[in-house]
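Analysis of the macromolecular model
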Amino acid sequence: MKLIQTAQAQTAQAQTDAPAATPPAPPVPAAPPLPAAPMAPPVPPSATVQAAPETSAPPVAPAPDMITQIVPLLFVTLIVYFIVLRPQARRTKEQKDSLKNVRRGDTVVTSGGLIGKVTKTVDDAEVEVEIAQNIRVRVLRQAITEVRAKGEPVKDQAASR
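These lines cover the structure that appears in this document, whether it is placed above or below. (Residues numbered from 1 in each chain as written. Predicted model: local features only at pLDDT ≥ 70, side-chain atom pairs only at ≥ 80, totals over all residues. Heavy atoms only, no water.)

1. Notes on the overall build of the chain
When you go through the chain residue by residue, the secondary structure sums to 4 helices and 5 strands. When the helices and strands of the chain are listed from N to C terminus, the series reads α-α-α-β-β-β-β-β-α. In the chain, buried positions account for 12% of the 161 residues. For the chain, contacts bridging at least 24 residues in sequence account for 44% of all contacts bridging at least 6. Here the chain has roughly 14200 Å² of accessible surface; of this, 62% comes from carbon and sulfur atoms. (Helix = DSSP H or I, 4+ residues; strand = E, 2+ residues; numbered from the N terminus. Buried < 20%, exposed > 50% of the residue type's maximum accessible area, 1.4 Å probe, protein only. Contact = heavy atoms within 4.5 Å. Areas by Shrake-Rupley, 256 points an atom, 1.4 Å probe, with all protein chains shown as cover.)

Printed below as a string of structure tokens:
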């Protein structure tokens, strides 16, 4: 505040020291333009005013403790864990369990969008899926995206004939 008052006082003093207004001079004929010299950037008025350091400046507040900075980060991390990561891990675990437990008679959907009935478990990585009557394909268990219905085991038609 003291700095502003000092600058205002200096400006007022400079205006009072200026000579009285004189009548304008008659116009002078125009001379050919001179090459432009590079101009220095304007200096802001606040840079020209020198202020004496105040001895009654308030003390600088101490930096906050590291603990008070870490607590909000831990709080946000916990929220993200309980809202995003934990439910996602639970869904992934349920999907792995359902793929591991696929058996004959289950209706499944493959990643290609085919819907069929499991007729045979080839091994731990593959199953045989019937997508139409008497059309069977081997599908990787990883390609099964959803187990729609747990069905009763399919009876072989060849055994009943």
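That shown, we press on.
2. Notes on the side chain of Thr-110
Along the chain, Thr-110 falls in strand β1 (residues 107–110). By relative accessible area, which is 10% here, Thr-110 ends up buried. Apart from the residues lying within four places of it in its own chain, the contact partners of Thr-110 are Val-139, Ala-143, Ile-144 and Thr-145.

3. Points about the sheet that holds strand β3 (residues 126–132)
Pairing between sheet strands relies on hydrogen bonds along the backbone, with the strands arranged either parallel or antiparallel. Spatial ordering of the open sheet is given by β4-β3-β2-β1-β5, a layout of 5 strands whose pairing is antiparallel. At either margin of the open sheet sits one strand with a lone partner, and together these are β4 (135–140) and β5 (144–149). Recorded for the sheet is a direction-independent mean angle of 45 degrees between the axes of neighbouring strands. Where strand β2 (residues 115–121) lies against β3, 4 bridges are found, and the strand directions are antiparallel. Within the sheet, the bridge partner assigned to Thr-121 lies in β3 and is Val-127. (Pairing = 2+ DSSP bridges. Axes fitted to C-alpha atoms, helices over the stretch in contact; angles between N-to-C directions.)

4. Notes on unusual backbone geometry
Even without being glycine, Asn-134 reaches a positive phi, approximately 60 degrees. Tracing the sequence through the fold places Asn-134 in the loop between β3 and β4.

5. Topic: the packing of aromatic side chains
For the structure shown, the criterion picks out 1 aromatic pair. A centroid spacing of 5.1 Å and a plane angle of 75 degrees characterise the contact between Tyr-81 and Phe-82, whose relative ring orientation is edge-to-face. Residue Tyr-81 is classed as partly exposed on the basis of its relative accessible area, which comes to 38%. (Phe/Tyr/Trp six-rings, centres within 6.5 Å; stacked < 30°, edge-to-face > 60°.)

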